[in-house]
Amino acid sequence: MGNLDIKLKVDASGLSCPLPILKAAQGVKTIAPGELMEVIATDPGSVKDFAAWAGSTGNALVESDSADGKYRFVFRHK
Amino acid sequence: MDETISLVLFSGTDDKLQAAATLVAGAAALGKPVKIFLQYWGLSAFRADRIAADHGLAPEAGEAGKLAFDAAARTGQAHWADALRMAKELGEVDIQACSASMDLLKLKQSDLDPLVDGIEGVAAFYINAGEGQIVFI
């Protein structure tokens with residue numbers, strides 16, 4: 001953690017489904033293949049949602065953790 | 001397997017449209033093509049002059065349901081029309097008005113919000129749905 005070269009940060013805190021996944025899907029289009037996007041969400045459903053999104057779109061989930069009701073995900077653009 | 005998800009929006013209350021918009025946005029985020037067919041009160045809710053108006057909730061919502069729905073609208077929930085706009089920008093989302101419902105409500109396409117891409121009949125809807133799932137709301 002902390003040494004990843006994050007290209008884009010998406011803050012979806014306070015947003016309910018489906019907005020976190022929409023924001024992530026919008027965001028990943030703005031970075032180049034291989035670049036990293038970090039998403040912060042507070043919606044507990046986002047944990048399963050982002051795992052499914054990564055599996056379905058091929059944007060690999062390279063890191064995830066949670067603390068203080070916040071969920072953090074790092075994806076590598078396919 | 002056909003990835004296309006087709007939704008028939010018959011109901012015109014804000015809660016059902018909100019639930020529908022969530023399904024559409026999720027499919028768009030996953031890269032699945034979405035076809036939407038607007039009938040009756042679902043179509044009426046897409047009239048340009050009233051898309052942002054209060055369309056009420058299904059009767060089972062009751063007073064407590066209305067309070068919960070209004071609270072969600074104030075915090076972190078996008079209005080269904082905005083969620084559909086975002087989904088259209090993101091993915092392949094096509095919204096068609098049912099031609100029979102257009103006649104019933106005496107509407108022209110110019111009466112509808114620009115979210116609506118066109119007008120078609122039920123045969124075109126089925127052909128475009130292909131082998132994919134159809135959801136009726």
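Cut-offs applied
- Residues numbered from 1 in each chain as written.
- Chains lettered and ligands numbered in written order.
- Predicted model: local features only at pLDDT ≥ 70, side-chain atom pairs only at ≥ 80, totals over all residues.
- Core = buried A, V, L, I, M, F, W, Y, C linked by C-beta atoms within 7 Å.
- Buried ≥ 20, exposed ≤ 12 C-beta atoms within 10 Å, placed from the backbone.
- Helix = DSSP H or I, 4+ residues; strand = E, 2+ residues; numbered from the N terminus.
- Contact = placed C-beta atoms within 7 Å.
- pLDDT = per-residue confidence, 0-100.

Moving on to the nonpolar core. Residues and elements named next belong to chain B. The biggest cluster of nonpolar side chains holds 49 residues, and the ones touching the most others in it are Val 24, Ala 25 and Leu 38. The element contributing the most residues to this core is helix H1 (residues 14-29), with eight residues. Excluding residues that lie within four positions of it along the chain, Val 24 makes contacts with Leu 7, Val 34, Ile 36, Leu 84, Ala 87 and Val 93.

Structurally, the position occupied by Gly 45 of chain A is in the loop between strand S2 (36-41) and helix H2 (46-57). For Gly 45 of chain A, a count of 14 C-beta atoms within 10 Å corresponds to the partly exposed category.

Taken as a whole, chain B shows an average pLDDT of 95; of its residues, 99% reach a score of 70 or greater. Here the predicted complex scores 0.90 on pTM and 0.83 on ipTM.

Residues and elements named next belong to chain A. Relative to the helices and strands, Val 62 is located in strand S3 (residues 60-67). Here Val 62 falls in the partly exposed class, since 13 other C-beta atoms lie within 10 Å of it. With 15 residues separating them in the primary sequence, Val 62 and His 77 have C-alpha atoms 10 Å apart. Once residues lying within four places of it in the same chain are set aside, the contact partners of Val 62 are Val 74, Phe 75 and Arg 76.

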